[in-house]
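Spelled out, the chains give:
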Amino acid sequence: MAKARDIDGLRASMPFAEAAAATVAVRAEELFEHSAGVLDTSDIERVHDMRVASRRLRAVLEIYAPCFPKAQFTPLLREVKDLADALGERRDPDVLLDRLATLEAVLPKANTPGIEAFAAPIREEQERGNATLAAALEHAERTNLAGRLALLAASAVELEEDDVPEAAPEPAEPAAAPSGPNGASAA
């Protein structure tokens, strides 16, 4: 699995919107870096890496949602989710076919026809998933999803004080147990 890139300059003391802009920009870049060769069904790790990148991007979009203009943010999040769904449609049969190949390698050759019979409809499902993914990638390219995500990242704005969630209150000190007449605990 592809390791997530570090976010240069990210630190706990930076403003939330600045962290949002930096993080969303990097996670969006990562998503599209993994798109090369993703439709090649002989290398299932490419789909896996891109799917993981889509999940990372979706997570940071949801975390930093208050920093972005809602009218711009909402459709982009939907498109990222749709792309992730298309990646999942392709990934699920990939995993099953990989497991069948592993099983076939350890079973006697006499079992090969049975495994092939089971794998055939899964290969068809993989082809349908690949077609769905191809359409999703074409849509992302045609609508410049990468560029629009970059613009979204650049549009991050600092939250107004009223919009900042309040921190959880500090836990109160435990109450002392009532004491008895000679100072001993009544508990």
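Everything that follows concerns the structure shown earlier in this document.
Described in the following lines is the structure provided in the data block. Within each chain, residue numbers correspond to sequence positions counted from 1 in written order. For this predicted model, a pLDDT threshold of at least 70 governs which residues receive local features, and a threshold of 80 or more governs which side-chain atom pairs are given and counted, while totals over whole chains, interfaces and linings are taken from all residues. Only hydrogens and water are set aside when side-chain values are computed; all heavy atoms of the structure are taken into account.

To continue, consider the side chain of asparagine 130. Think of it this way: any DSSP run of H or I at least four residues long counts as a helix, any run of E at least two long counts as a strand, and we number them from the N terminus. Relative to the elements of secondary structure, asparagine 130 occurs in helix α4 (residues 112-142). The definition of a polar contact used here is a pair of N or O atoms within 3.5 Å, where within protein one atom must be able to donate a hydrogen and the other to accept one, and adjacent residues in sequence count solely through side-chain atom pairs. Separated by 2.9 Å, the side chain of asparagine 130 and the backbone oxygen of leucine 39 make a polar contact. Residues within four places of asparagine 130 in sequence aside, it is in contact with Val38, Leu39, Thr41 and Arg90. Contacts: residue pairs with any heavy atoms within 4.5 Å of one another.

To continue, consider the side chain of threonine 23. Relative to the elements of secondary structure, threonine 23 occurs in helix α1 (residues 16-33). Setting aside chain neighbours within four positions, we find threonine 23 in contact with Ile7, Leu10, Val60 and Tyr64.

A word on the pattern of salt bridges. By convention in these notes, a salt bridge is any Lys or Arg side-chain nitrogen within 4 Å of a carboxyl oxygen on Asp or Glu. Throughout the structure, instances matching the rule amount to twelve salt bridges. Glutamate 62 is paired through a salt bridge with arginine 58; the nearest N and O atoms lie 3.1 Å apart. Of this pair, glutamate 62 and arginine 58 both sit in helix α2 (residues 44-63), four residues apart, which is roughly one turn of that helix. Type-normalised accessible area, obtained with a 1.4 Å probe on protein chains alone, sets the label of each residue: buried when under 20%, exposed when over 50%, and partly exposed for intermediate values. With relative accessibility at 39%, the residue glutamate 62 sits in the partly exposed group.

With that settled, the discussion passes to the packing of α1 against α2. Contact geometry of α1 with α2 gives a least axis separation of 9 Å together with a crossing angle of 160 degrees. As judged from the angle between their axes, α1 and α2 are roughly antiparallel. In the crossing of α1 with α2, the sense of the turn from one axis to the other is left-handed. Between α1, through Phe16, Thr23, Val24, Arg27, Ala28, Glu30 and Leu31, and α2, the contact on the second element is made entirely by Met50, Ala53, Ser54, Arg56, Leu57, Val60, Leu61 and Ile63. In this count, Pro and Cys sit with the nonpolar residues alongside Ala, Val, Leu, Ile, Met, Phe, Trp and Tyr, while Asp, Glu, Lys and Arg are called charged and the others, Gly among them, polar. Residues of the contact of α1 with α2, tallied by class, amount to ten nonpolar, two polar and three charged. Between N-to-C directions, angles cover 0 to 180 degrees, with each direction set by a line fitted to C-alpha atoms, over the stretch in contact for helices. Here is the rule for angles: anything less than 35 degrees is roughly parallel, anything more than 145 is roughly antiparallel, 65 through 115 is roughly perpendicular, and the remaining ranges are oblique. Crossings are classed by handedness, with left-handed meaning an anticlockwise turn of the near helix from the far one by less than a right angle and right-handed meaning a clockwise turn.

With respect to the element layout, glutamine 72 can be found in helix α3 (residues 70-106). A relative accessible area of 27% means that glutamine 72 is categorised as partly exposed. Separated by 76 residues in sequence, glutamine 72 and arginine 148 have C-alpha atoms that sit 8.8 Å apart. Looking at glutamine 72, its side chain comes within polar contact range of the side chain of serine 155, at 3.4 Å.

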